[in-house]
Amino acid sequence: MTSTLIIPQEKLESGVVHWQSPSNIAIIKYWGKHGIQLPQNPSLSFTLRNALTETKLSYAPKESPTSGIDLDFWFEEQQNDVFGAKVTKYLEQLLPTFPFLEQLSLKIESVNSFPHSAGIASSASSMSALALCLCSMEDHFFGTLGDDTVFDRKASNLARLGSGSASRSIFAGAAVWGQTDLVEGSSDEYAVSVENRLHPIFKTFHDDILIVSDAEKPVSSRAGHALMNDNPYANTRYKQANQRLKDLLNALESGDLEKFGEITENEALTLHGLMMTSNPSYLLMEPKTISIIQAIRRYRKETNIPVYFTLDAGPNVHMLYTEEHISSVRGFVHDELANLLHEGTYIPDFVGEGPEEV
Ligand code: PMV
């Protein structure tokens, strides 16, 4: 699709747009895609608060008109050509809809709130922050995104093209990405908010990110999604995700923690089960991941405190619990989990308010 978004010569000017955007943790997992970054099943995540990326995009008219993207990329205050090449590729893909990007020289400065070595996937926060910057730029030059819903949908759509899960980070509280009759307005192309479906206990929910390893993943998410194409359980899995989304939405609405926990933990293990049953098979859990999972289950049984785990595509464990139990759970982390954590590190996070313009 071609676009009319070309800046008239007299309006070409320099400027800066600046956003911070959080990561999110999927409860119903997106695993498997088709077409151009379209999901095989709807997913639902909580938007986080502390794990975030701050991205500043400065732009100026190109000194001489050239074709293509002119980008200078900085990560954590250092020029980073490897990340720069990836972002350039992403922006090139957007040129049919954003031809004005070719008229400008761009500088992107991006920092994460969490240590780079923490092994936390940063694609959701970084791609959503960048997508929001691009939308602010579009709105500045063309005034096309004044309506908040239109702005958020476009940002979510652009974020999705960079990283599927990033589409969900645009929204406060919780979001669903992927078409489903269960959520009005839902789409495979962008996420929508389901914050209004959250019982109050989930609005202040905690997610302590327990760092098990900071090593780079041996299999990327991109490769993992691709392996779903030949996974013998794929179709059953996609059906299961739809059914679970229905049950999860009921639990989120009614505040049924037990049901929430049952679905959440099974989703995490299903995700890793799909990795183990891919061809070639692979494991992203580490022995300490399993020790932590077992410790959480034991602690829950002994204390009756509703604390649950989920996993991303990696070895770190996200521990989920209500605000009410914070002091007991923190005691559990210090007394029983600390020696299982990489350098004793965990990142206390919780359900957040979504991105903010800086
Ligand atoms: O957004 P991607 O392509 O990095 O895939 C992320 C997939 C999971 O994090 C494992 C699940 C999810 O829904 O976020």
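Since the structure is predicted, the reported quantities are computational estimates derived from the model, not experimental observations.

Asks: Before we move on, can you summarise the pairing of strand 8 (residues 174–177) with the specific residues and values?
Replies: Judged by which residues are buried, strand 8 turns out to be covered on both faces: Ala174 and Val176 on one side and Ala175 and Trp177 on the other are all buried. With four bridges joining them, strand 4 (residues 43–61) and strand 8 adopt antiparallel strand pairing. Across the sheet, the residue bridging to Phe46 is Ala174, located in strand 8. As paired elements, strand 8 and strand 9 (residues 191–193) share three bridges and run antiparallel to each other. When the bridges of strand 9 are listed, Val176 appears paired with Val192.

Asks: Tell me about the nonpolar core, and please be specific about residues and values.
Replies: Judged by nonpolar contacts, the single largest core of 45 residues is most densely connected at Tyr90, Leu91, Leu101, Leu104, Leu106, Leu134 and Met137. Contributing elements (two or more residues each) for this core: strand 1 (15–28), strand 4, strand 5 (70–75), helix 1 (81–94), strand 7 (104–112), helix 2 (123–142), helix 3 (148–162) and strand 8. With ten residues, the top contributor of residues to this core is helix 2. Leaving out residues up to four positions away in the same chain, Leu91 has contacts with Ile69, Leu71, Leu101, Leu106 and Leu134. Judged by nonpolar contacts, the second largest core, of 32 residues, contains Leu48, Val183, Leu245 and Ile263.

Asks: Before we move on, could you go through the domain arrangement of the chain and cite the residues and values that matter?
Replies: For the chain, the domain assignment lists domain 1 (2–198) and domain 2 (204–347). Summarising the inter-unit geometry, the C-alpha centres of domain 1 and domain 2 are found 26 Å apart. With 27 residues of domain 1 at the contact, the number on the domain 2 side is 39 residues. Note on domain 1 versus domain 2: buried area summed over both sides is about 3000 Å², and carbon and sulfur give 72% of it. At the surface where domain 1 touches domain 2, the tally comes to one salt bridge. In this structure, the connection of domain 1 to domain 2 is made through six residue pairs in polar contact (both at pLDDT 80 or more).

What counts as what
- Residues numbered from 1 in each chain as written.
- Predicted model: local features only at pLDDT ≥ 70, side-chain atom pairs only at ≥ 80, totals over all residues.
- Heavy atoms only, no water.
- Buried < 20%, exposed > 50% of the residue type's maximum accessible area, 1.4 Å probe, protein only.
- Helix = DSSP H or I, 4+ residues; strand = E, 2+ residues; numbered from the N terminus.
- Pairing = 2+ DSSP bridges.
- Core = buried A, V, L, I, M, F, W, Y, C linked by side-chain atoms within 4.5 Å.
- Contact = heavy atoms within 4.5 Å.
- Domains from an automatic or database assignment.
- Buried area = accessible area lost by both parts, 1.4 Å probe.
- Salt bridge = Lys/Arg side-chain N within 4 Å of Asp/Glu carboxyl O.
- Polar contact = N/O pair within 3.5 Å; in protein donor to acceptor, adjacent residues only side chain to side chain.

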